[in-house]
Amino acid sequence: MTDNTAPALELISFCIGEQEFCIDVKTVREIRGWTPATPIPHAPAYMRGVINLRGAIMPVIDLRNRLGLGVTIPETRHVIVVVECQDRLAGILVDAVSETFTVPRESLQPAPDVGVEELRYIQAIISMENRLITYLRMDDVFPAHIREAA
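Residues numbered from 1 in each chain as written. Predicted model: local features only at pLDDT ≥ 70, side-chain atom pairs only at ≥ 80, totals over all residues. Heavy atoms only, no water.

Enquirer: How do you make sense of the sheet that holds strand β4 (residues 47-53) when you look at a structure like this?
Expert: Strand pairing in a sheet relies on backbone hydrogen bonds. The paired strands run either parallel or antiparallel. Here we have five strands laid out as an open sheet, ordered β3-β6-β7-β5-β4, and mixed in their pairing. Bordering the open sheet on either side are β3 (28-33) and β4, each of which pairs with just one other strand. Neighbour-to-neighbour, the strand axes of the sheet open up by a mean angle of 30°, direction not taken into account. Where β4 meets strand β5 (residues 56-62), six bridges bridge the pair, whose relative direction is antiparallel. Looking across to β5, one finds that M47 is bridged to I61. (Pairing = 2+ DSSP bridges. Helix = DSSP H or I, 4+ residues; strand = E, 2+ residues; numbered from the N terminus. Axes fitted to C-alpha atoms, helices over the stretch in contact; angles between N-to-C directions.)

Enquirer: So what exactly am I meant to see when it comes to unusual backbone geometry here?
Expert: Backbone phi values are negative for most residues with the exception of glycine, while trans is the configuration of most peptide bonds. Positive phi values are uncommon outside glycine, yet H42 reaches one of about 65°. With respect to the helices and strands, the residue H42 is situated in the loop between β3 and β4. Phi at R54 takes a positive value of approximately 50°, unusual for a residue other than glycine. Given the relative accessible area of 66%, R54 is considered exposed. (Buried < 20%, exposed > 50% of the residue type's maximum accessible area, 1.4 Å probe, protein only.)

Enquirer: Would you take a moment to explain the pattern of salt bridges for this structure?
Expert: As a working rule, side chains carrying opposite charge can pair if their charged atoms are close by. Throughout the structure, instances matching the rule amount to 10 salt bridges. For the salt bridge of D62 with R48, the shortest nitrogen-to-oxygen distance reads 3.9 Å. Of this pair, D62 sits in strand β5 while R48 sits in strand β4, and the two are 14 residues apart along the sequence. When the shortest N-O distance is used, the salt bridge between D140 and R137 registers 3.3 Å. The class of R137 is partly exposed, set by a relative accessible area of 30%. Here the salt bridges do not stand alone but share partners, grouping E20, E99, E129 and R131 into one network. (Salt bridge = Lys/Arg side-chain N within 4 Å of Asp/Glu carboxyl O.)

Enquirer: Teacher, can you tell me more about the packing of aromatic side chains here?
Expert: Aromatic rings in a pair are described by how distant their centres are and how their planes are angled relative to each other. In total, this model carries one aromatic pair according to the counting rule given. Geometrically, the ring pair formed by F14 and F21 is stacked, given 6.3 Å between the ring centres and 25° between the ring planes. The aromatic ring of Y46 is capped on one face by R66, whose charged end is 4.3 Å from the ring centroid. (Phe/Tyr/Trp six-rings, centres within 6.5 Å; stacked < 30°, edge-to-face > 60°. Lys NZ or Arg CZ within 6 Å of the ring centre and 35° of its normal.)

If you want it as structure tokens, here you go:
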């Protein structure tokens with residue numbers, strides 16, 4: 001999904017609590033306000049359910065929960081970022097979208113190896129203007145069975 005030959009990356013950042021994350025802007029299809037999702041029985045806790053996106057049923061992931069940061073109590077200020085992951089659409093529930101920005105590839109720092117499997121979600125850490133932004137690997141955020149169901 002990411003063009004590894006480009007000298008810079010265009011990213012979109014969003015907040016979950018006090019933390020800032022980003023993904024490649026090319027994976028984002030749209031940003032929409034919070035829409036209550038219909039729960040799916042026996043789904044993992046991080047899956048909010050599904051919504052109808054212009055006639056297509058799309059899964060919505062609570063990204064806060066998926067990353068082990070707690071459960072989101074959705075309010076009208078929350079947004080769903082619709083992303084395309086391996087030719088499938090899915091939504092990620094986040095607190096707010098911050099900005100789009102461009103960074104040179106050499107500014108990407110590897111995630112520290114602390115022996116925790118959940119770090120597989122982290123593609124890199126970006127230090128920018130006194131902020132640390134976590135660049136997420138969307139292919140790992142969405143498990144195979146969610147990608148197939150989308």
